[in-house]
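Report on the structure
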Amino acid sequence: ALNTKYKPVKRRMLLPTPSAKVNQEEKEATHQSVVEDRKHSIEAAIVRVMKQKKTLDHQSLVVEVSKLLMPIFHPEPKQIKNRIEDLIQREYIKRDDENTGKYEYLA
């Protein structure tokens, strides 16, 4: 038995939910802060590994740092290499005198 004369008292209106509008400047600022945070995370991981091992070759260092950072984000080997070079310039680590592919912890 279908009541064809039924008219609902309450009408439903679907209103679109407002979405957060993010402009290009905010995107770039956020991206820059993420890049800076990742730089610091990579450097901290490199120093942590080098403190434990004292001397390590390049490939092993990259693998160890990648393992440490995998739960947070996936660092590219190029990023790790750049951070190693920066730490060498700031004298936290140095290249081995005989083997340039090996690093020694200084600080």
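A brief structural summary.

Let us now look at the side chain of Arg83. Counting through the fold element by element, Arg83 comes out in helix α3 (residues 77-89). A relative accessible area of 13% places Arg83 in the buried class. Of note is the side chain of Arg83, whose polar atom sits 3.2 Å from the side chain of Asp86. Sequence-distant contacts of Arg83, that is, excluding residues within four places in its chain, are made with Lys39, Ile42, Glu43 and Ile46.

For α3, which comprises 13 residues, the first-to-last C-alpha distance of 19 Å matches the rise-based estimate of 18 Å (1.5 Å per residue) to within 8%. All buried positions along α3 are accounted for by Ile80, Arg83, Ile84 and Leu87. Buried residues of α3, seen end-on, are gathered within an arc of 105° and therefore sit on one face of the element. Those residues of α3 that are exposed and aimed more than 90 degrees away from the buried face are Lys78 and Gln89. Close packing links the buried residues of α3 with α1 (24-53), α2 (58-69), β2 (93-95) and β3 (102-105). Glu91 sits one or two positions beyond α3 and adopts a positive phi of about 65°.

About the criteria used
- Residues numbered from 1 in each chain as written.
- Predicted model: local features only at pLDDT ≥ 70, side-chain atom pairs only at ≥ 80, totals over all residues.
- Heavy atoms only, no water.
- Helix = DSSP H or I, 4+ residues; strand = E, 2+ residues; numbered from the N terminus.
- Buried < 20%, exposed > 50% of the residue type's maximum accessible area, 1.4 Å probe, protein only.
- Polar contact = N/O pair within 3.5 Å; in protein donor to acceptor, adjacent residues only side chain to side chain.
- Contact = heavy atoms within 4.5 Å.
- Expected span 1.5 Å × (residues − 1).
- Arc of directions from axis to C-beta.

Everything listed here is a matter of coordinates, which is why it stays silent on function.
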